[in-house]
Each structure stands twice: as C-alpha cells, then as structure tokens.
Amino acid sequence: LLDASGQPGVTIFEEITALANQHEAINLGQGFPDTEGPAEIRQIAVDAILSGANQYAPGSGILQLRQAISEHQNRFYSLDIDPETEVVVSTGATEAIAAALLAFLEPGDEVVTFEPYYDSYAAMIGLANAQHKVVQLKAPAFEPSIEELRQAVTDKTRVILINNPHNPTGTVFSTQVLNEVIALAHRHDCIIVADEVYEHLTFGTKHVPIASLPGGFERTITISSAGKSFSFTGWKVGWATGPKNLITAVRTVKQFLTYSSGPAFQPAVAKALDLPVAFFEGFASELADGAQILADGLENAGIPVIRPKGTYFLVADINSFRHSDAIEVARKMPASVGVAAIPLSVFVHPENVSSYQGLLRFAFCKKPEVLSAAVGKLQLLP
Ligand code: PMP
Ligand code: GLN
C-alpha cells in the first residue's frame, strides 16, 4: 500500500481525479458516469431516509434487496439463489472482494488473476499475505492464453479471481476461457471469485456469469454492484452470491469490516434490479455509443484504440508517439491536453510494466457532448 518512495500511497484514481479538478480537465480517468441514475430510484432512497431507514440494516442486507438480487439472477441468468443463505449485501463490490479474499486466503496461498488487474485485488491479496500470480492479457487482443492459464493455476492456488467484463481492457471472456477456469478450479480444488460488476455493460455480446456454466456455481462467489448497472457509484451498494458455505464465510468476514451497509439505499437498489430489460439494454446502448465517439475520435487523431466489448473503458495505444512513460503522460495530460486518463501500467506487477507501457485507459461513461469535447482536445495528444 506504499508508493514507490515508501510513502502511504493514494490510488491512481484519487491522484488523477485531483489533477483533473485542479486543471479543470475533462476527467476520463476515474470510472464514474456524469449522468444520474433513474430519478424514481433516487426518490425511493430519499423517501426511505425520511421514513426512518437510518439505523443499522441487517448484516446480510435487507430481505427485500436479497430477494431482488435473487430474482435478478433468475430473470437474467436462470440461476436459483436462496435469498436467505446465498446472498450477502456489501458496501460496494470492493467490500465483497475484500471479504471473499480475507475469508479464504491463508498466508502463502496463491491467487491467480489476469493482468492488468483492478487495483484493489493486489492490495487485498497483499493484506492477506498471499501471493499474487498473473496471466497476462496482451495488447491488442487482450485475450488470455489457455496454456498460460493452465500453467499459472497449481495446487498452491487457493483462489482464481476473474473480472468479467474486464476493467481496464474492455474484454469479455469467451465461454472457452470461463470453462477452463472452472475445470482448473475443480482440478486444483480452488475457489473462483468472479467480479462481474460490469455484467450489464456489454456491447453486442451477452454476459455469461461463470456461475451459470456447468460446475461453476458450486465453487464461485459472484460479486456485483449497483454502482455500475444503475450509475450510482457513490452509493456503494454491492453484493455477493454463491453457495451457502461460501457466502457464510464472506458474511462472517464482512460483519467485522463494516457490519452492515446503508439501509436507505437498499430498497432503492431492490427496485432498480427489477427495472424492465429495456432499461438495461438502453444504458448499454448509450455506453456503446459513447465508446464509439471516443474510439473514432482517437483513431481520427492517429491514436490506435482497442475497441471494448464491455465496461466503461477503452485502451488507447500511444506507443508510436510517446516521449516518456505513459504514467508521466497521464500526469501531464490534464494540464497539457485538458483530458485525464489512467495509465495501464498501474494495474500490473512492477516487473511487467514494460509490456503495458504505452497504453492509456479512457472512460467513456460520459455524455456524448463531453466525449466530443474530449476528442477535440485529444488531437493535441500526438
Ligand atoms: N471491481 C471492478 C472491476 C471495478 O472496476 C470497480 C470499480 N468500479 C469495483 C470492483 C468496485 O466497485 P464498487 O464501487 O461497487 O465498490
Ligand atoms: N472502478 C473505478 C475505476 O476503475 C474507480 C473506483 C475507485 O476510484 N476506486 O475507474
């Protein structure tokens, strides 16, 4: 958790957002939308506060939300989840990730993730004193090699932690990759932690939860969040679903992290999970349009882009014209170009930085006019 000079670090998202604010730059760094989630859902949270939902919620979350999570998993993925024993509500997906890793890792255990990886994974694996092994996703395809995946998972592996759809690359993993993860988890007796916070944000391809594939559910803790699906990133309402024995372990740790999570947001998220399919499809289609505006604009400026299949993010390749490291470029961009982005190299092991050096992540979960304005400024980047 210390930075390169041994000082307590702040996350790259904090650092770049502060620079974006300081220089009044368009912030395509930290992934948060610039439009609000549905007004009728926000009203439910307001009404809940005014009518007394202000004291501790049950540790597992209110039953209404656990039922809504279970019904959502059934409506979209035909999964049968018991709301009493197979769901736990968390303070964002971040807490569910932390609780799942702390519940299952002993010092020295290995965790396998794809690289680049979301920053909290490395931090939590470190706090658990476990070892973090990676399977690289290489540009431009950002698909894993099945052979490398097989080599990475061994009898020392306790957890395979996958993020699908994948931040920061925008990859949606094939069923072949997911089935391989399940086969490896069975062969080496590991648990799968599946971070699926971008489950509804896919473009032209349907999300397949790893828990819905044969042999998947019994070994998988699936994690999601209201932040991404409904544009309420600040509410920090997430959840984990899975078989009773795994969820009991997550809940046991969660009760000593936060005990319980905001009671007024929970009935609102319950209602949001019940929104018609058209809402989910409409939001994904808006994001796909945003991705296209940004990708076309970057390409027109001569900057190659890896087009995403999902998430809030796309990766641009500035290798051909960068004069310095992408971290330095990202630190200078808010002032020099008026746009903020995140270097991919912050999501990788230090020894692998050279594989990702010229790559920048841009968030496109912004209004079309904001993305167009950013595209105008990004002409300055080369
Ligand atoms: N996992 C991934 C892959 C993410 O991108 C994020 C950040 N949005 C999270 C987890 C954290 O989600 P939350 O804000 O619900 O804690
Ligand atoms: N998940 C968001 C991203 O990847 C950031 C969340 C945070 O700031 N920790 O940009």
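Residues numbered from 1 in each chain as written. Chains lettered and ligands numbered in written order. Predicted model: local features only at pLDDT ≥ 70, side-chain atom pairs only at ≥ 80, totals over all residues.

Where an unreviewed UniProt entry is consulted, the protein chain appears under the name Aminotransferase class I/II-fold pyridoxal phosphate-dependent enzyme, with the organism given as Glutamicibacter halophytocola. Here the protein chain is described in UniProt, under the heading Cofactor (unreviewed entry), as follows: "pyridoxal 5'-phosphate". (UniProt positions renumbered as here; feature names shortened; annotations may be inferred.)

1. Concerning the confidence of the model for the protein chain
In the predicted model, the protein chain carries a mean pLDDT of 95, and the fraction of residues at 70 or more is 97%. For this predicted complex, the interface confidence score (ipTM) comes to 0.97, while the overall pTM stands at 0.96. (pLDDT = per-residue confidence, 0-100.)

2. Points about the site of ligand 2
Around ligand 2 sit Thr11, Phe13, Gln30, Gly31 and Asn167, and that is every residue in its neighbourhood. Residues belonging to the shell around ligand 2 are distributed by class as follows: 1 nonpolar, 4 polar and no charged. (Near = placed C-beta within 6 Å. Nonpolar A, V, L, I, M, F, W, Y, C, P; charged D, E, K, R; others polar.)

3. A word on the sheet that holds strand E13 (residues 359-363)
Read across the sheet, 4 strands follow the order E9-E10-E13-E12 without closing on themselves; strand pairing throughout is antiparallel. One side of each edge strand has no neighbouring strand; the edge strands of this open sheet are strand E9 (305-306) and strand E12 (342-343). Where E12 lies against E13, 2 bridges are found, and the strand directions are antiparallel. In the strand pairing of E13, Pro343 is matched with Leu360. (Pairing = 2+ DSSP bridges. Helix = DSSP H or I, 4+ residues; strand = E, 2+ residues; numbered from the N terminus.)

4. Things to note about the environment of Ala363
The residue Ala363 is located in strand E13 in this model. For Ala363, a count of 26 C-beta atoms within 10 Å gives the class buried. Considering only alpha carbons, one finds Ala363 and Val315, 48 residues apart in sequence, at a separation of 9.0 Å. Among residues more than four places away in sequence, those in contact with Ala363 are Leu28, Gly29, Gly31, Tyr312 and Phe313. (Buried ≥ 20, exposed ≤ 12 C-beta atoms within 10 Å, placed from the backbone. Contact = placed C-beta atoms within 7 Å.)

5. Some details on the packing of helix H4 (residues 92-104) against helix H9 (residues 244-257)
Direction vectors running N to C along H4 and H9 enclose 115 degrees, while the axes themselves pass 8 Å from each other. Put simply, H4 runs roughly perpendicular to H9. As H4 packs across H9, the resulting crossing turns out to be right-handed. Seen from H4, the contacting residues are Glu95, Ala96, Ala98, Ala99, Ala100, Leu102, Ala103 and Phe104; seen from H9, they are Ala249, Val250, Thr252, Val253, Lys254 and Leu257. Split by residue class, the contact of H4 with H9 holds 11 nonpolar, 1 polar and 2 charged. (Axes fitted to C-alpha atoms, helices over the stretch in contact; angles between N-to-C directions. Parallel < 35°, antiparallel > 145°, perpendicular 65-115°, else oblique. Left-handed = near helix turned anticlockwise from the far one by under 90°.)

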